[in-house]
Amino acid sequence: MAAVLQLSQVTKAYGALRALDGIDISLPDNAYISLLGPSGSGKTILLRVIAGFEAPDSGSILFKGERVEAVPPHRRNIGFVFQNFALFPHLSVAGNIAFGLENRELNPITDSAVVRARVKDIVALVGLTGLEDRGVAQISGGQRQRVALARTLITEPSLVLLDEPLGALDANLRTRMRAELRAIRERCGVTFLHVTGSETEALAMGDTVLVLDRGRIAQADDADTVYNRPRSAAVARFLNCYNLFEGQLSKDDFISPVGRFPLQGQKADVRGQPAYAIRYDRISVRPLAAPVTAEEVRIEGTFIADEYSGAAINSFFSLDDGRVIEVESHLSQAAPQTCVPHGRYALVWKRQNALVYA
Ligand SMILES: Nc1ncnc2c1ncn2[C@@H]1O[C@H](COP(=O)(O)OP(=O)(O)OP(=O)(O)O)[C@@H](O)[C@H]1O
């Protein structure tokens, strides 16, 4: 697949802080890419460097095969959708959308009939037909989000950068707009690079998920691989669905502060602090006396609380060293064990489901 954007060894420092520390990425044409990272990992700086609002200290940026480090933002043909939408409050929906086309640096369009026709098409594409003449204060948050997107898409960019585009919306609308954004992108065939601090959003939306950790790309894979095979303990931690234990590796076991976890072929070269990860939904809760098989790992915990989230229940248990571990039971699979407060339970998982890092 052709790459629309390629970054090689891009760095950006502020004093001693290496905000971008040797970024290598290649974004395919016609794809939805999520960029996930914790606060301060460099997501916004990376978008700003790609858009041209900040210059990198070193490294190269190729956009459609051409070096663009010296090209100013308005000549890059890269769209940018800001979290707060940055709409013009005195203009209508159509006026905001037309603005991008009439005022773009490359080939501005001044023929009002052409502008009207293009606005009509793009309004239909983002699902705003009928609202063209409304003021942007008279539409909902989700509709404002679409206006911001339409204003960018009408300029026919080859890449659209979206900085936390759903961050200003309430939780229900955010979930609905995920599907909308994906559908709009598919209709226009442009690559979207969507920055988010939410792992669920990144995994739900991206064909590819880039994970940023302290200015470096920690993983670049499809969502399924990131979710099932995070490449490092740091990535597993950001995903917010793995329990992590630090400890030591012996030949056949991971020695954690709460006991030995027998391994099943997992090997890791010991270079750093070893870590053991088990996904929340890979753990089952059983009565203390329930039997375990040779393939299973068992620890004990004291039940603290449950949290219902529609399709699943997340249960929290404290272990003997004081840490809390989380268990997720999907309600579609089986009725979960009902736990009594302060009760002791066995927490069991299959050896093969654990991931080991070092
Ligand atoms: N102009 C600046 N001067 C100095 N340091 C900066 C500047 N801009 C950003 N930084 C630092 O660079 C690092 C990366 O910032 P960035 O805004 O890209 O993080 P982020 O991943 O977008 O975080 P968040 O999710 O909180 O928005 C942070 O430590 C930030 O404090």
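How each quantity is defined
Here the residue numbering is sequential within each chain, running from 1 through the sequence in written order. Per-residue local features of the predicted model are confined to residues with pLDDT of at least 70, and side-chain atom pairs are confined, for both listing and counting, to 80 or more; whole-chain, interface and lining totals are unaffected and use all residues. Working definition: helices are DSSP H or I runs of at least four residues, strands are E runs of at least two. Numbering for both runs from the N terminus. Burial is judged by counting the other C-beta atoms within 10 Å of a residue's own C-beta: 20 or more makes it buried, 12 or fewer makes it exposed, and any count in between marks it as partly exposed, with every C-beta position built from the backbone. Once C-beta atoms have been placed from the backbone, residue pairs whose C-beta atoms lie within 7 Å are recorded as contacts. Here an angle of 0 to 180 degrees is reported between the N-to-C directions of two axes, which are lines fitted to C-alpha atoms, with helices fitted over the stretch in contact. Should an angle lie under 35 degrees it is considered roughly parallel, over 145 roughly antiparallel, and from 65 to 115 roughly perpendicular; all remaining angles are considered oblique. The sense of a crossing depends on the near helix, which, turned anticlockwise from the far helix by less than a right angle, makes the crossing left-handed and, turned clockwise, makes it right-handed. Any residue that is not Ala, Val, Leu, Ile, Met, Phe, Trp, Tyr, Cys, Pro, Asp, Glu, Lys or Arg is counted as polar, Gly included; the first ten are nonpolar and the last four charged. We call a set of buried Ala, Val, Leu, Ile, Met, Phe, Trp, Tyr and Cys residues a nonpolar core when their C-beta atoms link them within 7 Å. For the domains described, the bounds stem from an automatic or database domain assignment. Pairing between two strands requires that DSSP report at least two bridges joining them. In this scheme, a helix's expected span is set at 1.5 Å multiplied by one less than its residue total. Nearness here is judged by the C-beta atom: place it from the backbone, and if it falls within 6 Å of a molecule or strand, the residue counts as near that partner.

Moving on, we come to the overall build of the chain. Summing up its helical and strand segments, the chain has eight helices and 21 strands in all. Expressed along its principal axes, the backbone C-alpha trace of the chain runs to roughly 80 × 45 × 35 Å. Expressed as a percentage of its 358 residues, the buried residues of the chain come to 35%. Pairs at least 24 residues apart make up 67% of the contacts formed inside the chain by residues separated by at least 6 positions.

A pair of packed helices can be characterised by two numbers: the angle between their axes and the separation between those axes. At their nearest, the axes of helix α2 (residues 93–102) and helix α3 (residues 112–125) sit 10 Å apart, and the two run at 120° to each other. By the angle between their directions, the pair α2 and α3 is classed as oblique. Considering only the axes of α2 and α3, their crossing is right-handed. In this structure, α2 contributes A94, I97, A98, L101 and E102 to the contact, and α3 contributes V115, R118, V119, I122 and V123. When the residues that make up the contact of α2 with α3 are grouped by side-chain class, the tally is eight nonpolar, no polar and two charged.

L46, I97, A150, L161 and A277 are the most contacted members of the largest nonpolar core, which has 91 residues in total. Ranked by the residues each element gives to this core, the list is headed by helix α8 (residues 233–239), at six residues. The two domains that each donate at least three residues to this core are domain 1 (3–230) and domain 2 (241–357). Non-local contacts of L161, meaning those with residues more than four positions away in its chain, are made with L47, I50, A51, I78, G79, F80 and L193.

The geometry of helix α4 (residues 141–153) relative to helix α5 (residues 171–188) is characterised by a closest axis approach of 11 Å and an angle of 20° between their N-to-C directions. Viewed along their axes, α4 and α5 adopt a mutual orientation that is roughly parallel. Read as a crossing pair, α4 and α5 show a hand that is right-handed. Listed contacts from α5 to G141, G142, Q145, L149 and L153 of α4 are L173, M177, I184 and C188. Taken together, the residues that form the contact of α4 with α5 break down as six nonpolar, three polar and no charged.

Another aspect to go through is the pairing of strand β1 (residues 3–14). Pairing between β1 and strand β2 (residues 17–28): nine bridges, direction antiparallel. For A3, the partnering residue across the bridge sits in β2 and is P28. Two successive antiparallel strands, β1 and β2, enclose a turn made up of two residues, where G15 displays a positive phi of approximately 60°. Where β1 lies against strand β4 (residues 58–63), five bridges are found, and the strand directions are antiparallel. Along β4, the bridge assignment pairs L7 with I61.

The next point concerns α4. Spanning 13 residues, α4 covers 18 Å between terminal C-alpha atoms, matching the ideal 18 Å at 1.5 Å per step. Contacts from the buried residues of α4 go to β6 (78–81), α2, α3, β7 (159–163) and α5.

On to the domain arrangement of the chain, then. What the domain assignment lists for the chain is domain 1 (3–230) and domain 2 (241–357). Taken over C-alpha atoms, the centre of domain 1 sits 38 Å from the centre of domain 2.

Before going further, it helps to examine the site of the ligand. Around the ligand, the structure places Y14, L17, A19, G37, S39, G40, S41, G42, K43, T44, I45 and G197. If you tally residues by element for the shell around the ligand, the top one is helix α1 (residues 43–51), at three residues. When its residues are assigned to classes, the shell around the ligand shows four nonpolar, seven polar and one charged.

Looking now at unusual backbone geometry. You will see that N77, though not glycine, has its phi angle at about 60°, which is positive. Its identity as a non-glycine residue notwithstanding, N240 has a phi of 60°, on the positive side. By the element assignment, N240 lies in the loop between α8 and β11 (242–246).

Another aspect to go through is the sheet that holds strand β10 (residues 216–222). Taken in spatial order, the six strands line up as β6-β7-β8-β3-β9-β10 in an open sheet, and their pairing is mixed. Strands at the two margins of the open sheet, each flanked by one partner only, are β6 and β10. Between one strand axis and the next, the sheet turns through 20° on average, direction left out of account. Pairing analysis gives four bridges linking β6 to β7, with the strands arranged parallel. Paired with I78 across the strands is L159, a residue of β7.

Here we have five strands laid out as an open sheet, ordered β16-β20-β17-β18-β19, and antiparallel in their pairing. Each having just a single partner strand, β16 (284–286) and β19 (324–330) make up the two edges of the open sheet. On average, each strand axis in the sheet is tilted by 45° relative to the strand beside it, whichever way the strands run. Looking at chain direction, strand β17 (residues 296–308) and strand β20 (residues 344–350) are connected through seven bridges and run antiparallel.

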